[in-house]
Amino acid sequence: MASLYDLSLPELEAHVAGLGQPKYRARQVWEWAYRPLAASYDDMTNVPAALRAALADALPFPRTDVVREIASDDGQTRKRLLRLADGRLIETVLMLYDPRSDSRGRATVCVSSQAGCAMGCSFCATGQGGFERNLTAGEIVAQVIGFAREQRDAGGQRITNVVFMGMGEPLANLPAVWRAIETLTSAAGFGLGARHITISTVGLIPGIRKLAEEPLQVGLAVSLHAPGDALRRSMIATAHRYPLADIVEACRAYIEKTGRRVTFEYCLIERVNDAPEQARALAELLRGLLCHVNLIPVNPTRDDRIRRPRRDRTLAFQRELAARGVPCTVRVEKGTEIAAACGQLRADAPIEVVDAAPVQ
Ligand code: SAH
Ligand code: SF4
């Protein structure tokens, strides 16, 4: 059954019209849902009780029960395990940034787009668990609204950014992801800026091409992880579908069309893809592109053969890129100790406390 969060405003208007009510009632409901973040139709006091009851029957609020929530020691990162209506478990992470830092008080929700993932990245805890199903738009929206409500109740920073870097491959579920983005950016509702949303993809070219055509411009991050196809295919089971040269070409077209910089994510794994000559090959691959490389020292998963490089090696890799004019940062770790960092979002994984030195 569809939930309230699954519908667009025009669809809600059509539904309300079907119930013999004027269109403006739909807008009232929409505003209640996404501005004061009503948690139930009961809160919508200026909407007639009969309409509220009919909507509660046909379009309930989505069920995303918080099974548990854990916070990092500094309280700045919070991971939630959510149970969906059919019992599937997904994870969502809230990352708060100190107002005094470069990120100026951002509050970012990292959402899941699928339960599990079919792309098969060997170093990713979600990938190791396989694919379960696509999330609906409502289930994606609910992850953001849940944290937004909690922040509001606690008098905290409102949500400023959303990144599709949780469980799943967003471009393999683009219709629902796009619908969720349209809801979250609706000026009549939640009002998030499209530029404050980033989709991270393992490199599904048809999806990248679609994003380039969209008037609503969200940020694009592409996970590369290797400078050559052979190595990349050994790390990502489905990488044979799209060769690196074609991915880079699609990104070039995206940049030309949108004028926007693309972020390339590169997960650094000891003795796999962290050698200086690999950095040089990566710089060559990306030559002339308006881009930024985000180096992510790999986070531990159950596979203990996958290790994080030593810090000096990470910095040497970064230096090679920088020396060739490729802007590049090492991702600041948030949430590693609560297994909430990239690639650790697997519902049934035990929540381990790992001793990982943060990379600044
Ligand atoms: N499926 C999309 C988005 C979700 S993964 C994608 O792959 O881009 C988000 C990011 O986390 C990706 O860049 C991914 O490579 C990274 N990631 C996955 N496993 C990781 C791990 N164990 N350590 C660090 N980053 C990881
Ligand atoms: Fe899927 Fe992304 Fe994990 Fe790869 S890194 S398995 S694409 S979630």
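Quick look at the structure, then. (Residues numbered from 1 in each chain as written. Chains lettered and ligands numbered in written order. Predicted model: local features only at pLDDT ≥ 70, side-chain atom pairs only at ≥ 80, totals over all residues. Heavy atoms only, no water.)

Attention shifts here to the environment of F61. Residue position: F61 is located in the loop between α3 (49–58) and β1 (65–71). Residue F61 is classed as buried on the basis of its relative accessible area of 17%. In this structure, the C-alpha to C-alpha distance between F61 and V262, residues 201 residues apart in sequence, is 35 Å. (Helix = DSSP H or I, 4+ residues; strand = E, 2+ residues; numbered from the N terminus. Buried < 20%, exposed > 50% of the residue type's maximum accessible area, 1.4 Å probe, protein only.)

Within the structure, ligand 1 sits among 20 residues, and F123, S200, S223, H225 and N299 are positioned closest to it. Between a nitrogen atom of ligand 1 and a main-chain N or O atom of G168, the distance comes to 3.0 Å. The separation between a nitrogen atom of ligand 1 and a polar main-chain atom of N299 is 2.8 Å. In isolation ligand 1 has 530 Å² of accessible area, and contact with the protein removes 96% of it. Residue classes in the shell around ligand 1 are distributed as nine nonpolar, nine polar and two charged. (Near = heavy atom within 4 Å. Polar contact = N/O pair within 3.5 Å; in protein donor to acceptor, adjacent residues only side chain to side chain. Areas by Shrake-Rupley, 256 points an atom, 1.4 Å probe, with all protein chains shown as cover. Nonpolar A, V, L, I, M, F, W, Y, C, P; charged D, E, K, R; others polar.)

Close to ligand 2 lie C117, M119, C121, C124, G127, G168 and V202. Tallied by class, the residues present in the shell around ligand 2 amount to five nonpolar, two polar and no charged.

What follows covers the packing of aromatic side chains. Aromatic ring pairs are defined here through the distance separating the ring centres and the angle between the ring planes. A complete count under the given rule lists five aromatic pairs for this structure. Judged by centre distance (5.5 Å) and plane angle (40°), the rings of Y5 and Y34 are tilted. On the criterion of sequence distance, the pair formed by Y5 in the segment before α1 (9–18) and Y34 in helix α2 (residues 24–34) is long-range, its members being 29 residues apart. By the burial criterion, Y5 is buried, and Y34 matches it. An angle of 70° between the planes, with centres 5.8 Å apart, marks the rings of Y5 and F61 as edge-to-face. In this pair, Y5 is assigned in the segment before α1 and F61 in the loop between α3 and β1, connecting sequence segments 56 residues apart. (Phe/Tyr/Trp six-rings, centres within 6.5 Å; stacked < 30°, edge-to-face > 60°.)

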